[in-house]
Structures are given as structure tokens and as C-alpha cells.
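Structural overview
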Amino acid sequence: MLMQVAEGVLVHRSELLRNNAVVVQGRAGVLLVDPGIRGEEMACLARDLSELGRPVVAGFATHPDWDHVLWHADLGDAPRYGTARCAAYLRDLRSDPDWRARVAEGLPPEIAEEVPLDLFGLVTGLPAGTARVPWDGPRVRIVEHPAHAPGHAALLVEERGVLVAGDMLSDVLVPMLDDPGDTGYPVEDYLVGLQVLEGVADDVDVVVPGHGSVGRGARVRARIEQDRAYVRALRDGRAPDDPRIGPSVEPGWEWVRDVHAGQVRSLARRRAQDGIPG
Ligand SMILES: [Zn+2]
């Protein structure tokens, strides 16, 4: 089911990871961002769009993680874009003869059978520095930034004030650091990424995270602050005071605590290697 979040911007939610696929209406059809994860839900989205008489004319993947780069044949064969670095990462992944097995290994077991991999990761890279998604519709600015994954980009639907945030600014997932990332300083990279998003926040009325619920108005900056507080706590070796990891986490989301614990361990290891005390 498609839910309108702003004029001409709709969201299709998938249950397990609360993925949000985002649909932006253009002149002849729609731009589809991060279509979803299970075959059935992508087929459902394709049906919804065809009932509305709106074919997909362009796709976009916010970053090269498996749950953002899937596609279903029923969605058609419009060009699917991503940043140059996102596309390069995926090309490299798909060049491994065992890529299917590698990707399948990382899928949540309860849905692994239902995730179609045929069209996985077939993303065309836009040249570095491309300002907007090339398509016939409202202007969609590409906001590339470090933090979560190589070539991660948020999209700003300028006239509608909607920020499609990819795996940033979620109310269910804590910041997941790209470790070691490009620079080897994942915490600093993440703070830079949040700063980049903060730099466009004046133009944002609605934030749609890759996972979780849509945030409006003051919630946009509050999410940036919440993520920054989490990352700073990680950096400083403090236990974050963060509802996404406790004490009363929503049932089914306890694993986010494991993600957090893993990040604490890996930062501790890094400090030990670099000889930084604490
Ligand atoms: Zn994700």
C-alpha cells in the first residue's frame, strides 16, 4: 500500500526491516528509490503503480547494501542510478563468480528464500559530483556523504521538502558506521555525514529514513541530534542514552543492541591498535 508523505511523494513500507521504498511522481512516471526487499512486496508495489497508471521511469539506490539495491522484473527496466562509488562497489561485488552466495549469506534467514537476486545491484553510476537525478520530474538533489556506506547519498526532493535519507536518521536503527570506511576513522566520517545532512535541514519538512517511521518538522533536526549523540557516546566510550537500544526496545528489534555492542567492540579494537588510551 502506498502512503502519501508530501505532495507527489509516496512511501511503500515493508514489514520485516521496516524498509521504506519512496516513489516521487514525475511527468510521465515515477522515480523509485530503494524498492524493497521481498519479491512479493516489490510486485505489490508494481501493481499499485500500474493501477495508478504510473510506470517507473527511473530508479535510485541510496547505497550499495543488499536491502537497497534489489529490483523486480514487474517494476520494468528503467535506468537505476546511484552514485559512482555506489555503482563501482556493486560492480566489483557482482564480478565475483560467487557473488550470489555471498549476498545470500547476509540475508535474514526468515526471508532469504523470498529475496529475488536476479536484478540485484544493477545500478548505473552517475559521474561524481552529479547534482541532481537525471529524470523528467521535480528536482531531486543528490546529497552524497560519508558515514554508513561507500557512495551513500540522501536525496532531497527540493520542491516538496522531502529528504530520503537512506540508512541515516532512523528511529529504529542506531547509526551503523562504515568501518573502516575510506579514511579509517569511521566515527569522524559519521559526524561529517551528519553535518552534511544538517546543512540541508533548512530545506527539509519531512525525512523518510530507509528504515522506520517518517519524521516531520522539528523531528528532522531531532533525529540528526539523536544520531550525533549516539556517535559521540561511542567515540567517548560512554553508554548512549538511546531508546533504540534500550532499556525497553520494541519486540523484534533487540538485535539492534547487538549491532551497538559490535560497534563498541570494534572501536575498542581500533583504539588498542592505534595505541590510543581508552
Ligand atoms: Zn538498510
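Attention in this report is confined to the structure presented alongside it. (Residues numbered from 1 in each chain as written. Predicted model: local features only at pLDDT ≥ 70, side-chain atom pairs only at ≥ 80, totals over all residues. Heavy atoms only, no water.)

Moving on, we come to the coordination of the zinc ion. Taken together, Asp 67 (OD), His 68 (NE2), Asp 167 (OD), Asp 167 (OD) and His 211 (NE2) make up the protein donors of the zinc ion, found 2.1 to 2.7 Å from the metal. Written as a sequence motif, the donor residues of the zinc ion are D-H-x98-D-x43-H. Of the two residues, His 68 sits in the loop between β5 (56–60) and β6 (80–83) while Asp 167 sits in the loop between β10 (162–164) and α4 (186–200), which places them 99 residues apart along the sequence. (Donors = N, O, S within 2.8 Å, 3.2 Å for Na, K, Ca; no water. Helix = DSSP H or I, 4+ residues; strand = E, 2+ residues; numbered from the N terminus.)

Moving on, we get to the pairing of strand β1 (residues 2–6). Bridge analysis of β1 against strand β2 (residues 9–13) gives 4 bridges, and the strand direction is antiparallel. Along β2, the bridge assignment pairs Met 3 with Val 11. The hairpin formed by β1 and β2 contains 2 residues between the paired strands, and Gly 8 there has a positive phi angle of roughly 75 degrees. (Pairing = 2+ DSSP bridges.)

Turning to the layout of surface pockets, a few remarks are in order. Gaps left between atoms show up when a probe the size of a water molecule is rolled over them. In this structure, the largest pocket encloses a volume near 790 Å³. Lining the largest pocket are 29 residues, with Asp 65, Trp 66, Asp 67, Gly 106 and Met 176 sitting closest to its centre. For the lining of the largest pocket, the secondary-structure elements that each account for two or more residues are α2 (84–94), α3 (99–105) and α6 (255–274). In terms of residues, the lining of the largest pocket owes the most to one element, α6, which gives 4 residues. Grouping the constituent residues of the lining of the largest pocket by class yields 18 nonpolar, 6 polar and 5 charged. (1 Å grid on protein atoms, 1.4 Å probe; cavity = no way out; pocket = protein on both sides within 12 Å on 5 of 7 lines; lining within 4 Å. Points joined across faces, edges and corners; volume = space filled by probe spheres on them. Nonpolar A, V, L, I, M, F, W, Y, C, P; charged D, E, K, R; others polar.)

Now for the packing of α4 against helix α5 (residues 218–236). At a minimum axis separation of 10 Å, α4 and α5 run at an interaxial angle of 165 degrees. By the criterion of interaxial angle, the relationship of α4 to α5 is roughly antiparallel. Crossing hand, α4 versus α5: left-handed. On the side of α4, the interface is formed by Val 187, Tyr 190, Leu 191, Leu 194, Gln 195, Leu 197 and Glu 198, while α5 contributes Arg 221, Ile 224, Glu 225, Asp 227, Arg 228, Val 231, Arg 232 and Arg 235. (Axes fitted to C-alpha atoms, helices over the stretch in contact; angles between N-to-C directions. Parallel < 35°, antiparallel > 145°, perpendicular 65-115°, else oblique. Left-handed = near helix turned anticlockwise from the far one by under 90°. Contact = heavy atoms within 4.5 Å.)

Residue Pro 180 follows Asp 179 across a cis peptide bond; omega there is 5 degrees. Looking at the element boundaries, Pro 180 is found in the loop between β10 and α4. Positive phi is not limited to glycine here, since Arg 18 has a value of about 50 degrees. Mapped onto the elements, Arg 18 comes out in the loop between β2 and β3 (20–25). Positive phi is not limited to glycine here, since Leu 169 has a value of about 60 degrees. The topology assignment puts Leu 169 in the loop between β10 and α4. Here Leu 169 falls in the buried class, since its relative accessible area comes to 1%. (Buried < 20%, exposed > 50% of the residue type's maximum accessible area, 1.4 Å probe, protein only.)

Our next topic: the environment of Met 176. Positionally, Met 176 belongs in the loop between β10 and α4. A residue is classified by how much of its surface remains accessible, and Met 176, at 19% relative accessible area, is buried. Between the C-alpha atom of Met 176 and that of Gly 237, which follows or precedes it by 61 residues, the distance is 16 Å.

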